[in-house]
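The chain contents come next:
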Amino acid sequence: AAKNGGRNGFAFYKSAMTEDASHFMTRSLELRRGLENGELVLFYQPQYCRQSGKMSGVEALIRWNHPTEGLLGPGEIIPVAEQSGLINEIGQWVVEEACAQAMRWRDEGHKCVRVAVNVSVRQLRSDDFVDVVRTALALTEIPPQSLELEITESMIQDDARIISRLHDLRKLGVSLAIDDFGTGFSCLGSIKSLPIERIKIDQSFVRGIPEDRDNTALTEAIIALGRKLGMAVTVEGVEEQAQLEFLQQRDCTDFQGYYFCRPVPAAQIFNLPAINVKTS
Ligand code: C2E
Ligand code: MG
Ligand code: MG
Ligand code: MG
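What comes next is a walk through the structure.

Cut-offs used in this document
- Residues numbered from 1 in each chain as written.
- Chains lettered and ligands numbered in written order.
- Predicted model: local features only at pLDDT ≥ 70, side-chain atom pairs only at ≥ 80, totals over all residues.
- Heavy atoms only, no water.
- Helix = DSSP H or I, 4+ residues; strand = E, 2+ residues; numbered from the N terminus.
- Rg over C-alpha atoms; globule rule 2.2 N^0.38 Å.
- Buried < 20%, exposed > 50% of the residue type's maximum accessible area, 1.4 Å probe, protein only.
- Lys, Arg positive; Asp, Glu negative; His and termini not counted.
- Charge placed at Lys NZ, Arg CZ, Asp CG, Glu CD.
- Near = heavy atom within 4 Å.
- Polar contact = N/O pair within 3.5 Å; in protein donor to acceptor, adjacent residues only side chain to side chain.
- Areas by Shrake-Rupley, 256 points an atom, 1.4 Å probe, with all protein chains shown as cover.
- Nonpolar A, V, L, I, M, F, W, Y, C, P; charged D, E, K, R; others polar.
- Donors = N, O, S within 2.8 Å, 3.2 Å for Na, K, Ca; no water.
- Right-handed = clockwise from strand over helix to strand, strands pointing away.
- Pairing = 2+ DSSP bridges.
- Core = buried A, V, L, I, M, F, W, Y, C linked by side-chain atoms within 4.5 Å.
- Contact = heavy atoms within 4.5 Å.
- Patch = residues over 30% accessible without salt bridge, like charges linked within 9 Å, V, L, I, M, F, W, Y side chains within 5 Å.
- Salt bridge = Lys/Arg side-chain N within 4 Å of Asp/Glu carboxyl O.
- Phe/Tyr/Trp six-rings, centres within 6.5 Å; stacked < 30°, edge-to-face > 60°.
- Lys NZ or Arg CZ within 6 Å of the ring centre and 35° of its normal.

**Details of the overall build of the protein**
At step 1: Assigned secondary structure in the protein consists of 11 helices and 10 strands.
At step 2: Rg of the C-alpha trace for the protein: 21 Å, near the compact-globule value of 19 Å for 280 residues, within the 12% margin.
At step 3: Seen through its principal axes, the protein has C-alpha atoms that stretch 70 × 45 × 45 Å.
At step 4: Across the 280 residues that make up the protein, the buried fraction comes to 48%.
At step 5: Computed over 30 positive and 38 negative side-chain charges, the separation of the two mean positions in the protein equals 2 Å.

**Considering the environment of Val 206**
At step 1: Tracing the chain through its elements places Val 206 in helix 9 (residues 203-206).
At step 2: Residue Val 206 is classed as buried on the basis of its relative accessible area, which comes to 0%.

**A word on the site of ligand 1**
At step 1: Around ligand 1 sit 21 residues in total, of which Glu 59, Asn 118, Asp 179, Glu 239 and Tyr 258 are the nearest.
At step 2: At 3.4 Å, a backbone N or O of Val 238 approaches an oxygen atom of ligand 1.
At step 3: Taking Tyr 258, its main chain carries an N or O atom lying 2.8 Å from an oxygen atom of ligand 1.
At step 4: Contact with the protein chains hides 80% of the accessible area of ligand 1, taken as 800 Å² for the molecule alone.
At step 5: Elements that contribute at least two residues to the shell around ligand 1 include exactly strand 2 (55-66) and strand 6 (175-181).
At step 6: Of the residues forming the shell around ligand 1, the biggest block, 4 residues, is contributed by strand 2.
At step 7: Broken down by class, the residue content of the shell around ligand 1 amounts to 8 nonpolar, 6 polar and 7 charged.

**Brief notes about the coordination of the magnesium ion (ligand 3)**
At step 1: Here the magnesium ion (ligand 3) is held by the protein donor atoms Asp 179 (OD), Asp 180 (OD) and Glu 236 (OE), which lie 2.1 to 2.2 Å from it.
At step 2: All donors of the magnesium ion (ligand 3) belong to a single chain; written as a sequence motif, their spacing is D-D-x55-E.
At step 3: In this structure the magnesium ion (ligand 2) is found 4.0 Å away from the magnesium ion (ligand 3), and Asp 179 serves as a bridging donor for the pair.

**A short note on the pairing of strand 6**
At step 1: For strand 6, a buried count of 6 out of 7 residues is recorded, marking the element as mostly surrounded by other parts of the structure.
At step 2: Handedness of the crossover is the feature at issue here: the chain leaves strand 5 (residues 147-152), passes through helix 7 (residues 160-171), returns alongside strand 6, and the resulting connection is right-handed.
At step 3: Judged from the 3 bridges that link them, strand 6 and strand 7 (residues 198-201) form a sheet pairing that is parallel. If you follow Ala 177 over to strand 7, its bridge partner there is Arg 198.

**What to know about the nonpolar core**
At step 1: Ile 90, Val 133, Leu 149 and Leu 169 are the most contacted members of the largest nonpolar core, which has 75 residues in total.
At step 2: Ranked by residue count, the leading element in this core is helix 4 (residues 87-107), at 9 residues.
At step 3: In this structure, Val 133 is in contact with Val 95, Leu 147, Leu 149, Leu 169, Leu 172 and Val 174, ignoring residues within four places of it in sequence.

**A short note on a negative patch on the surface**
At step 1: A cluster of acidic residues, Glu 211, Asp 212, Asp 214, Glu 239 and Glu 240, forms a negative patch on the protein surface.
At step 2: Examined against the element boundaries, Asp 214 turns out to sit in helix 10 (residues 213-228).
At step 3: Looking at Asp 214, the relative accessible area reads 59%, which means it is exposed.

**Description of the packing of aromatic side chains**
At step 1: Scanning the model with the defined rule gives 5 aromatic pairs in all.
At step 2: Summarising the aromatic geometry, the rings of Tyr 44 and Trp 105 are spaced 5.0 Å apart at their centres and angled 70° between planes, so their arrangement reads as edge-to-face. Taken together, the residues Tyr 44 in strand 1 (residues 40-49) and Trp 105 in helix 4 connect sequence positions 61 residues apart.
At step 3: Between Phe 255 and Phe 260, the aromatic rings sit 5.9 Å apart at their centres with planes inclined by 25°, giving stacked as the arrangement. You'll find Phe 255 and Phe 260 in the same group, each marked buried.
At step 4: Through a chain of ring-to-ring contacts, the aromatic side chains of Tyr 48, Phe 255, Tyr 259 and Phe 260 assemble into a single cluster.
At step 5: Sitting over the ring of Phe 246, Arg 250 keeps its end group 3.9 Å from the ring centre.
At step 6: Over the ring of Tyr 258 we find Arg 262; its NZ or CZ atom is 3.8 Å from the centre of that ring.

Structural data, given as structure tokens:
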């Protein structure tokens, strides 16, 4: 807006803040329209069982088929959604669509895999969220344990309402995972009292393994921590053969990363090969 205004000779300009604000306004209106017009889609990234090499689950990752800008990622969606208050509607759509996709895969005769969905803190705070999940499960009749909700550590710090909400979700039978584990400075003591079945080690720890000694030590320690607490441990962000070879020898349960597969449209998920497990 400032560009046109200035170049056309008008004696005003918009400050950077006004520009940001109007960009934000435009974006949030576009996003609302996009949600209504079915422009949002879920891509899925496979996760693989370390021991069998088989696909053990998929993570649903939001994309926006923008009419003029092409496929946009969560960085263009989630912050706008959170600030504009659209996040609950979008989050509801994500849960419903992921469950519906799990149902379609089942109806096509595929084996039932875990479908993980990212949940933002404003969703978790919303009083409707448990009902949203309950309804999506009831409508699709997918096994509740095949839906996994990914939350981040920073969401749960000492917030009694959120903690009781996690217990309510767990009572529905869904699984809970902590995403980006290690980046949220969680109080480790609170983790053991939460109904969490999985931690996902953030990709920042996986970078440079095995040469980077600090990251290697951190990754090994987090794997041991999660496993000793009886949790499954997914290592995210595996990009290279050397990382995989190292991690194959460790006690993590699952892998996810570009080395195996980028996020892909739902139709491609069951055309992917199993990974090659090489543990010697
Ligand atoms: P996340 O949940 O930690 O998801 C993993 C992100 O890492 C994905 O990016 C994925 O494409 C990327 N990734 C996977 N493997 C690799 C790898 O080997 N190397 C690298 N460098 N990256 C890898 P994406 O799809 O852009 O999503 C980014 C974040 O956006 C997600 O991080 C999640 O926090 C958020 N997000 C995505 N979908 C949703 C959603 O439906 N709702 C909410 N609330 N947040 C979402
Ligand atoms: Mg995630
Ligand atoms: Mg993550
Ligand atoms: Mg992340």
